Amino acid sequence: MGDESEWLKLPLDDRCVHKVWKARLHGYTEAIKYFGTLDSKSPEFTKYLGIIKKFVVDTNAVAQEKGLDATLAFLENAASAHKTCAEVSAGVVTKCLNSSRTKTKEKGIEILMVCIELEKQEIVIEEVMKGLTNKQPKIVAASILVLRTAISNFGSKIITLKPIVKVMPKLFEHSDKNVREEAKLLAIEIYRWIGAVFKPGLQKIKPVQMKELEEEFEKLPNKAPKQIRFLKSQQELKEKFEEAAAGGGESEDDDEDDVRPEVDPFELLPAVDVLSKLPKDFFENIEAKKWQTRKEALDNLLPLATSPKIEGGDFAELVRVLKKVVSKDTNVMIVTVAGKCLGGLAIGLRKKFTPYAVACTGAILEKFKEKKVTVVSVLRDAIDAIFLTTTLQNISEDVLVALDNKNPSIRAETAAFLARAMRHCTLTTLPKSLLKPLSAALVKKIGDTSPEVREAVAESLGTAMKVVGEKHLLPFIADLDKIKQDKIREWCEKTELATGGGKKKKEKSSETKAAPTKAAPGPSKAAAKPASAAKSKARPASASGAGKASKGKKKPKQSEETEKKSEPAYSPEDVDEKAAVALPATLLQQLGHANWKERLAGMEELTTKIHNMEKKDIDCQLYVRLMAKKPGYKDANFQVLKAKFALIGILAEKGKFSRTSGSVCIGGIVEKIGDIKQSATAKETMTSISEACSLQFVALEAVSYAFDTQKNPKNQSETLNWFAQAIQEFGFASLKVKCYISYIKKALGATNPAIRTAAITTVGTMYMYMGAPLRMLFEDEKPALLAQIDAEFQKVSGTSPPAPFRGIKKEEKRDDADGDDVEDDVDEEESEVGGSPSSIQDLVPRVDISDQITSSLIEELGDSKWKVRGQGLDRVQTILNSNKFITPNLGELPTALKPRLSDTNKILATNTANICTQLAQAIGPAIKVHVRTLVPGLLMLNCDSKPTVRAASVSALSAWEEQVGLAPFIEDELLNTVLAKESPFLRMEVFGWLEEKLAKYHTLPSDLALTVPILYTALEDRNPEVRKKAQGVLPLFMMHLSYEKCVKMTNKLKPSSKTQVMQILEKQRPNIPAKPGKPEKTKKAKTAAPPPQEEKKRPKTAPPKTESSSSTDTSPTETATTTTTRKKPVGKSKTSKSSKSKQEDEDVGPPVILNNLKDRRFRDEDNLKVLKWNFSVPRDEIIDQLKEQIQPCVSPSLFTALFHADFKYHITALTTLKEAVTSHKEACIGALDVLLKWVTLRFFDTNTSVNIKALEFLQVLFNMLAEEDYSMHDYEASAFLPYLVLKIGENKENIRKMVRSCIKTITKIYPASKVFQFIIDGLKSKNARQRTECLEELGNLIDLYGINVCQPSPPKALKDIAVQISDRDNSVRSAALNTLVQAYAIVGEGIYKMVGRLNEKDVSLLEERIKRSSKKVKSAPPMQEPKQTKQDAKKSMLPAPSNGTDRPSTAPPQSGGNIRSSNVPQVFKLDLDGLGLNDGDSNDNIPQLEDMDHVQDLLSDAVKLPQRRLQKPSLTVAQLDFIISQIASNDIAISLQSLKQLDEALQDSDRSKVLTDHIDQLVVTTSLQLRMAFSKYMSDETTSKDVIRMYRCLVALLMSLFQNRMLAMKASKDVLCDLVNGLITVLIDNRLEAFDDGPQVIRSINMLMVKVLDQSDPTNSMCALLKLLQEYVAHESSSPKFVQLIMKCLWRMVRSMPEIIHDINVERLLLSLHLFLKAFPSSVWKERTNDTPLRTIKTILHSLAKILGSKVLSYLVLINDKNSEVELYLKKIVRNNRKSVGGDHINGSVQETSNSSSTGNVASPRRGTARTNDILAEIFKRIGSKENTREGLAELYDFKCKYPDVDIEPFLKKTSPFFQSYIERGLKNIATEREKAQTEKQNKGRSVGSTDSISSVDSVGNLSAGQDVSTSQLRDRLKVLRARCGLDNGSEAVQDPVPVKSSSRPELVTSSSIESDSGHNAMPHLYQPQRITLGSSTSSAPTPAQVPDTNVDELRKRLERIKKGGSMK
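Below or above, wherever it landed, is the structure these notes cover. Quick caveat, the model's predicted, so the values are computed rather than measured.

Residues Leu 1710 and Leu 1713 are the most contacted members of the largest nonpolar core, which totals 96 residues. A per-element tally of this core places helix α88 (residues 1587–1603) first, with 12 residues. Contacts of Leu 1713, omitting those with residues within four sequence positions, involve Leu 1666, Ile 1737, Ile 1740, Leu 1741, Leu 1744 and Val 1766.

Bringing the side chain of Asn 1660 into the picture now. Within the secondary structure layout, Asn 1660 lies in helix α92 (residues 1658–1674). A distance of 2.8 Å separates polar atoms of two side chains, one belonging to Asn 1660 and the other to Arg 1708. Every residue in contact with Asn 1660, bar those within four places of it in the chain, is listed here: Ala 1611, Ser 1612, Lys 1613, Leu 1616 and Arg 1708.

All right, on to the pattern of salt bridges then. Summed over all chains, the structure comprises 65 salt bridges. A salt bridge links Asp 903 to Arg 900; its shortest N-O distance comes to 2.8 Å. On the accessibility criterion, Asp 903 (3% relative accessible area) is buried. Residue class for Arg 900 comes out buried when judged on its relative accessible area of 11%.

In this structure, Pro 1311 sits in the loop between α73 (1293–1306) and α74 (1312–1321). On the basis of relative accessible area, Pro 1311 is assigned to the buried category, the value being 8%. It is 7.1 Å that separates the C-alpha atoms of Pro 1311 and Phe 1522, two residues lying 211 residues apart in sequence.

In the structure shown here, the tally under the stated rule is 27 aromatic pairs. A centroid spacing of 5.7 Å and a plane angle of 45° characterise the contact between Phe 1175 and Phe 1244, whose relative ring orientation is tilted. Of this pair, Phe 1175 sits in the loop between α65 (1158–1166) and α66 (1180–1190) while Phe 1244 sits in the loop between α70 (1232–1243) and α71 (1248–1267), and the two are 69 residues apart along the sequence. Between Phe 1243 and Phe 1280 the ring centres are 6.2 Å apart and the planes differ by 40°, which places this aromatic pair in the tilted class.

Here we take up helix α18 (residues 291–305). The terminal C-alpha atoms of α18, which comprises 15 residues, lie 20 Å apart, in line with the 21 Å expected from a rise of 1.5 Å per residue. All of the buried residues along α18 are Arg 294, Lys 295, Ala 297, Leu 298, Leu 301, Leu 304 and Ala 305. For α18, the elements touching its buried residues are α16 (274–277), α17 (282–285), α19 (316–328) and α20 (332–349).

A cluster of like positive charges, contributed by Lys 162, Lys 166, Lys 170 and Lys 204, occupies part of the molecular surface. Assignment of secondary structure puts Lys 170 in helix α10 (residues 162–172).

This part is about the side chain of Glu 860. Tracing the backbone through its elements, the reader meets Glu 860 in helix α48 (residues 855–861). There is a polar contact of 3.1 Å between the side chain of Glu 860 and the side chain of Arg 875. With near-sequence residues (within four places) excluded, Glu 860 lies in contact with Val 868, Arg 869, Gln 871, Gly 872 and Arg 875.

Turning our attention to the packing of α19 against helix α21 (residues 354–367). Viewed as axis vectors pointing N to C, α19 and α21 meet at an angle of 10°, and their least axial separation amounts to 9 Å. One way to sum up the angle between α19 and α21 is to call them roughly parallel. Counted together, Ala 316, Val 319, Lys 323, Val 326 and Ser 327 of α19 and Tyr 356, Ala 359, Cys 360, Ala 363 and Lys 367 of α21 form the full contact between these two elements. Each residue belonging to the contact of α19 with α21 can be placed in one class, and the counts come to seven nonpolar, one polar and two charged.

Analysis parameters
- Residues numbered from 1 in each chain as written.
- Predicted model: local features only at pLDDT ≥ 70, side-chain atom pairs only at ≥ 80, totals over all residues.
- Heavy atoms only, no water.
- Core = buried A, V, L, I, M, F, W, Y, C linked by side-chain atoms within 4.5 Å.
- Buried < 20%, exposed > 50% of the residue type's maximum accessible area, 1.4 Å probe, protein only.
- Helix = DSSP H or I, 4+ residues; strand = E, 2+ residues; numbered from the N terminus.
- Contact = heavy atoms within 4.5 Å.
- Polar contact = N/O pair within 3.5 Å; in protein donor to acceptor, adjacent residues only side chain to side chain.
- Salt bridge = Lys/Arg side-chain N within 4 Å of Asp/Glu carboxyl O.
- Phe/Tyr/Trp six-rings, centres within 6.5 Å; stacked < 30°, edge-to-face > 60°.
- Expected span 1.5 Å × (residues − 1).
- Patch = residues over 30% accessible without salt bridge, like charges linked within 9 Å, V, L, I, M, F, W, Y side chains within 5 Å.
- Areas by Shrake-Rupley, 256 points an atom, 1.4 Å probe, with all protein chains shown as cover.
- Lys, Arg positive; Asp, Glu negative; His and termini not counted.
- Charge placed at Lys NZ, Arg CZ, Asp CG, Glu CD.
- Axes fitted to C-alpha atoms, helices over the stretch in contact; angles between N-to-C directions.
- Parallel < 35°, antiparallel > 145°, perpendicular 65-115°, else oblique.
- Nonpolar A, V, L, I, M, F, W, Y, C, P; charged D, E, K, R; others polar.

Written as structure tokens, this is what we have:
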């Protein structure tokens, strides 16, 4: 369609969206013309609603510019243009504002301004604000320009400034200069409108920018700006401004217009959410005992509490705590901060602080007793701020009490506060009822002894006089002497009120200015809506629901007159002239002929002529006036007159019949409406005229003529009858009732009964539309007449008004050549509710009763005597009875009635409520001004227990609600404030009342949400009636707030409450009614709703019912294989092919999906981010959480089946999961936790098939896990096992059997000791069968795994089991006894000690059962060796060797049959394990017989016993965890056994690999046992002898561990810290000297310390030592020796630092040093006697600086403190080093610094020669090749040995880090192999074995007594034995044997001093450590050459003693 001839043929709307830009350009051009020719409401505009947005985003610049013109034309001409404003505004912002064409940008801005004129300013500003965040600076600048233009044109009242002010600081920070400049201009424009209020919003901008703005602000004129452009609803205001401009002068109220619109700066501030930012531990800290903690908590709160604006919320708890601090805290600083917090909260919350104001006021007044001036001043500020949130009436009681306080300070401050408070009062807020008690109390204190009190009282009275006037106060101070009265008057003159001067004028001016805006009529419906939105919102719906809220007002009379003048009335001469032209002379003669026949013939001819005329040619006024000529409409002949009426009807239907024409003929028609012959024709004619000119015009003309001009009663009655009928035909919307009431009342008072009957009929017709409010207009009629009216009302009360079928013709609306704006007029009339309550109320004459409310009446109402108060109420009732309609001016009556609502006399309270009812009915909607005063009391009256009182209250509330609606109750927060009171009667009545009232409102204020938390509380109330009423009103709350919002508000509830409330919400959700006011939508909704289906019974764990769950057509199999993401509407059973194929594609994947989310779920469990899987019944939030967790792990179809409501789907899901266990093992393991959780939900189902399927799935799953050697996580077990134990008590035996099988399998993947804990928890159940089964399972576990399976300890567990002996159930007792018998078989008589105290009966039962069982204690030891008993008793926990796959330590022995033991004691069972028949290694071959000839040879040969090969079982993770946990056992035997097993594992390189990930766990338990041995066993005489043995085994195990460098490097810092702490603690224990082997233990620990420091990670070691040093330095009471040993260890590390510098994480080390110096800076050590620790720290720093040089400063990244002492010290050292070496260094390298060390411990590597470099290059080339790698590493090792001084670092740096580590490992392995080979060569021929195991100590060096052994051999063997027992000191220890009984204590000896650089003295601040030797403390220890030969016998004895001590048996 690219040809022009083709697209020109297209319709206009198609051309506008054509792909060819020229076509679009042509379309836009034509559209501009076309839009101008259309009527504003033409349906043609609807075609363009969807495409107009494309006009502004056209891609072609030329077309876009023309499209903008078309858009403007559309917006200006189309009545529906406002619907496109959002899309058009967005397009303009994104595509026009960044245009390079100036016209495009200007037109875009103009479009936005027009959209604002269409009342869419919020949408426009929202879209423009989005442009401020655009990345293009051009759009941002243009958006700011738009905002500035909008504000300049429309002003701050139309454009909301708050969001703009909020973003101003960001705009000033923009990087683009143009944006900042535009922001500046925008700020100036905003300031021009709102003035200085704007400045707080600019606080965050730069000072320079603020200074520039201040200068610009000063240049602005003082005259307030004026609005230039106007909304469509402000056309009258626009006309006013135009008239003022045309007159060349200003309006009269220019002075008032100069006042800028008042803007509260508080509204421009962002609200701070204090409650969410409150520290979590605030409420704990504020209650702390330490005042510093409380002070810190308040300091954290103060910045939040003093925020200028605070977000509302529940501050009750926070205010309560602060009030408590103010009242009771003794620390004045804390009280001061708390007072500031209270004041800040009051200022930031304003009126939202009102609920807490009274309580805080009393507390602060009481605290004024404080003498500190600072505290008192803060409290003054706080109470002043609090007063602004409440009223003096509310706090008057506390003030009166405080004025009577004994403390003069309290009295003085209270009076002073009262004076300040009264400055904010007015006559209304300080009424006489309040002034009287306050004045009386103040007058009493004016003669107080304290001058401060007297002065403050005088000031208060003076302020009161200023507020109420001297006249009102004088009666209270009349008794005072003249001096005091003068003093009061003096204060009165001084006082300046906060509400004084100029405010009234300001308010008046603002009201005057706002009045035109409110009264401005709109040109159409759409324009009139915003102007009356507030009014319509405040009005309640009428009872009958007939009318809609008024949306506009009819044009005033001025416009009507203008309209009539638009068609000038013809004069008689004009009529003659026009008639002569239009009609022939003969016809004119006939019309005026005296003969009626001629006249009739003329009328017939005229009628025919008009029938044949075109509409445009018909001059209706001409013909109407022509017919009015004599005899006119009073023609005597009825036929002629009838023809005239008929012709008028034809003219009204066919011609352009104006109101001018109607006014000519209506009077004549009314004259004949009562004629029986003409009545019907007259009425039809009037109806036709009404269709042409509106019913309002014709009816008013006719009724007024009938009752004012003519007197014929027949005409009057028939006119009313026609009017009543016309109302039903035309409807009531266009009528103004006010115009007709006077005539109807006149008719009701007529003497003619026909007129009265017609009037009553008319009133009845109006009643159908207006409802009950209409009756009040006729209250003053006679009773008899009123009875007739009521009867008519009763007759039509149940009748709904008929739908109107007549109205102004469309032709008349579209074309009115006479200039009458009929359409606009009719629209306006239709938009007004003729019978709205407010319009009716305006018609009622009202009486002002304020003069009758005298002061004496008010005093009676406030009298202390109830009879007097009752008389006062009677007087009020009399006044109201005599005046049915009154004005809202009631004087002081509301204030006087308020306390009567809470009167102690219930009769008076009831009477007061009835008076309130009367007031509402008498005043009408204007009663709204008294809502705040009286409604709270009416609501609180429902707290009374008497039903009559509550009924009176509810009746009064209903009366008020009918007049003012519910909005004032909600907006003023009356409802939630009153309902917060926990009164069941109150909540019952109010919720019941709300249930009746809420249903009839379409919209209510959003503040209704504040009542929801109270409603939720009522849903859980103890009172059933309260719960019932709350549930009844709940659907109505959900109707107004939406179900989703109500659900969201449950998040603030407690979990238990949330569950219950959510269930109620879900239950009540179907009961949510449709909102009233939209019947068509409701009807459609009802039609579309599916028919209700009968719901099946669903399981508790099923999710909320959805559409799919209600369908029963689909089978479970289909659902399992199809997705249900798209729900179909009910009734559509067919699925399209495409959707089916899509569903099939989605389910191609596996049912269980492999992912790595399991670890994240466990982390969430650790961090408490998810709900604990702990419940008695599954809750909805638990199920929802599981859905979120399991959905990524399973396919969509399986997910649907898992959570379906039908149990068949669950069975299908379990079948799918069972198959997935074998096909997708890894995925099932990855989702194990969520799958187990889902199975626990199925345990709560009552369907047996589901339970059996679930247990079958579990059995398959656990078997697979056991095969995979999987170890179950604690989270998985804790979420599943408790619920599995619950099923063990099931009624059905097959289920119990399957549960027992599952528990048995679980022990293969989870430690039996932990399973034991879950099962023993099952004993708490009330189910006897469950307790029985649990006891049997416990017995089986004890039988299989020994007594150590009992956790947390055997005595504790056995006590819990023994309690069951006294159970009522026989099976439970029997099972408990059998379980204890199993334990007896292991521990023997010790069982009685373990079970604790039992009653005699239980003990006898236990003894009898043990006796009958004939069970013997397994492996009973001899009596003389009691120690052996314990050890042998623990052997049951050791894993048995197996020849198959590795099995967990808790796995039971393998056997072919069912190993579950029965309840019958198996006394004669064959112990196959003891015979060893089940061992896989046993030789089953038949022995071969030897030949008889060789018998003698056989006998002479030495007997060779067969050796049994034992295969060491591998350790599993579960087994290893169990063994490690036993190390810390309280039983020494168990601990020793575990140490032995672990030592054996460490000797085996393959088995030791399992320990890699458990090093920290092992070291922690070892450290724990060290502490227990030191603290517990050493102090117990019975166990102290075993301590040495325990120490030796622990040291041996740790020695084996730390000899393996790979394992030692795994130890973390904190773990090493605990270990070193324990070792040094034992090392300095003096109690060890009392034991024979104590010194040897000390030496072993000394050697172990060396191993720990050498083999573990150096960074972790040093950091652990520094942490220990810091902890012990902090405690001055700590042992000096302990600190000294720590420092010796550090010195040793410092000495080896050059060798290990590459392995040290310098950043971490420096951070630890920084933390030490931060805790103990150098200044602290000046006060201490010993500064060795500080010198040690500086030595470490000095060594690092020496080694790393200036490079050390780059490692300070972890230290954020700029003033760190570490950084300063290192810089100092580096600076000194540079001076000492003269700057000749290479980047602080290792070579440079190590060369400067005088110790010589590390030789400076020299640069290799050319020859050595070639050799190294060749070696590295060999290492790089795959074939010669091993040879290359060997050559490199030899090279290093041959050339130790050559530096190979340059070659290593050229390789990757991985290759470097590979070379280092290879060199270490080669060194180890060569050292081992050399050692074996040296020890060859020796008889001593080389096994290092603890258990093999007995096999070493068995020497006979008579063997001849030399001293050197004995010494060598002694060294070997000492090394194996951990007593060899290694290379760093003393190389000579030390006498065992040395009296000196071994300690850590220091190394030689570390000197400074060669040629320089050591720095004076460094400590000079000695050489570190972890051996004897004897400094003069002899060298091996000096040791004299020792007696052989003595050495032999020592050897034997070591052998015995090293035994582990």
